[in-house]
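Descriptive structure summary
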Amino acid sequence: MSASATPFSHEQALAAITALATYQNGRASKSLLADDGADMYLTVSLKKIPSAKHDKPRFARLTHAPRTLDPRPSVCILTKDLQSDAKIQLRANGVEASKVLGISKLRKKFATYEQRRALAAQFDVFLADAAIVPMLPKLLGKGFFTAKKTPIPVKVATLTPAKLESILHSATYSLPTGTNMTVHLGDLTHLNAAQLTANAVAAVAAISATMPKRCGGFSNIQSLLVRLPGTPALPFYQSLPAIATEQQIAAHTKTQEKARTSRAKQAEKSGSAKDRRQRQYMSMVNELRVDSDDEEAEDEDAMETSDSDK
């Protein structure tokens, strides 16, 4: 699906993003602290769960880079223990990185919270070999991830300048094991509302294209919202219930009627068998009562005969 073909109102998206941008400008003007709440996020709510297991990281190429590229962002690449081999491989591929850091050195030199915080502040973008990504939350700590420096998974051996450029122009996401997902669109410090809207359109197109066939692409999206940190999410698209045609209504009515008829026949069969058992039981009870009455009558006759003999 091309970005221009996304079936939602781009004007509505622009209006929602503009409203958040206006609110953020007012909030920033009243704050004495550094502005750290200008990141715009797209929240996508889905109808069906697209993935039963954790999905691999994917890249949505955005119209405008979500982070500033002028000046060139500093890049730190986290690799496996063979740090020197990784440097040689990257140099051979023509990739320039500000720093290449092996996981062993990461454990030793950045063990405390202050050291990790300083590392997060030192570089603009972090890339990590896909093989070590599961270990990073424990090694880097929660503060590193909340600082918006989450390492982007890559294959270091095949990383090229073109791939690095594409990563810097993309937003990362994974198909969720639930019904909600979030994508970073960029921040208001270097992107305006129109550029962020273009990024939202591109992100929705990329997500729709990677949706499993059983989910139906864009038709699996229930709602689209944008938000800033600390603000409510503003919706700009909501999927309405599908309106059934006359043929669909007739087919549904026919199916329901068949189901009711089948249940009635089953109940009738079950009821007939139950009635037969009930009649058999009552017949046995009546026979026992008759036998009991006959025995009582014989006993009374015998007693009367005995009295008359006396």
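Please refer to the structure higher up on the page.
The text that follows walks through the structure, step by step, so that each part is easy to find.

Cut-offs and rules
- Residues numbered from 1 in each chain as written.
- Predicted model: local features only at pLDDT ≥ 70, side-chain atom pairs only at ≥ 80, totals over all residues.
- Heavy atoms only, no water.
- Pairing = 2+ DSSP bridges.
- Helix = DSSP H or I, 4+ residues; strand = E, 2+ residues; numbered from the N terminus.
- Salt bridge = Lys/Arg side-chain N within 4 Å of Asp/Glu carboxyl O.
- Buried < 20%, exposed > 50% of the residue type's maximum accessible area, 1.4 Å probe, protein only.
- Arc of directions from axis to C-beta.
- Contact = heavy atoms within 4.5 Å.
- Axes fitted to C-alpha atoms, helices over the stretch in contact; angles between N-to-C directions.

**Regarding the pairing of strand 10 (residues 234-238)**
Two elements, strand 9 (residues 221-227) and strand 10, share 4 bridges in a ladder whose sense is antiparallel. Across the sheet, Leu 224 pairs through a bridge with Tyr 237, a residue of strand 10. Taken together, strand 9 and the strand that follows it, strand 10, pair antiparallel across an intervening segment of 6 residues, in which Gly 230 is found at a positive phi of about 80°.

**Some remarks on the pattern of salt bridges**
Applying the stated rule across the entire model yields 2 salt bridges. Between Arg 260 and Glu 257 there is a salt bridge, with its nearest N and O atoms 2.7 Å apart. Placement of both Arg 260 and Glu 257 in helix 9 (residues 246-309) is noted, with a separation of 3 residues, approximately one turn of the helix.

**Description of helix 2 (residues 83-93)**
Residues Gln 83, Ala 86 and Leu 90 constitute the buried set of helix 2. Mapping the buried residues of helix 2 onto a view down its axis gives an arc of 55°, with all of them on the same face. For helix 2, exposure combined with an orientation more than 90 degrees from the buried face picks out Ile 88, Arg 91 and Ala 92. Structurally, helix 2 contributes buried residues whose contacts are with strand 3 (75-79), strand 4 (99-102) and helix 3 (103-109). A positive phi of about 85° marks Gly 94, the residue just after helix 2.

**Some thoughts on the environment of Val 75**
Counting through the fold element by element, Val 75 comes out in strand 3. Along the chain, Val 75 and Asp 124 lie 49 residues apart, while their C-alpha atoms are 6.2 Å from each other.

**A short note on the sheet that holds strand 9**
Across the sheet, which stays open at both edges, the 4 strands sit in the order 8-1-9-10 with antiparallel pairing between neighbours. Unpaired on one side and paired on the other, strand 8 (180-187) and strand 10 mark the two borders of the sheet. Sheet twist, expressed as the average angle between the axes of neighbouring strands with direction ignored, equals 20°. Seen against the sheet, helix 8 (residues 193-210) touches strand 1 (39-46), strand 8 and strand 9 and runs at an angle of roughly 145° to strand 8.

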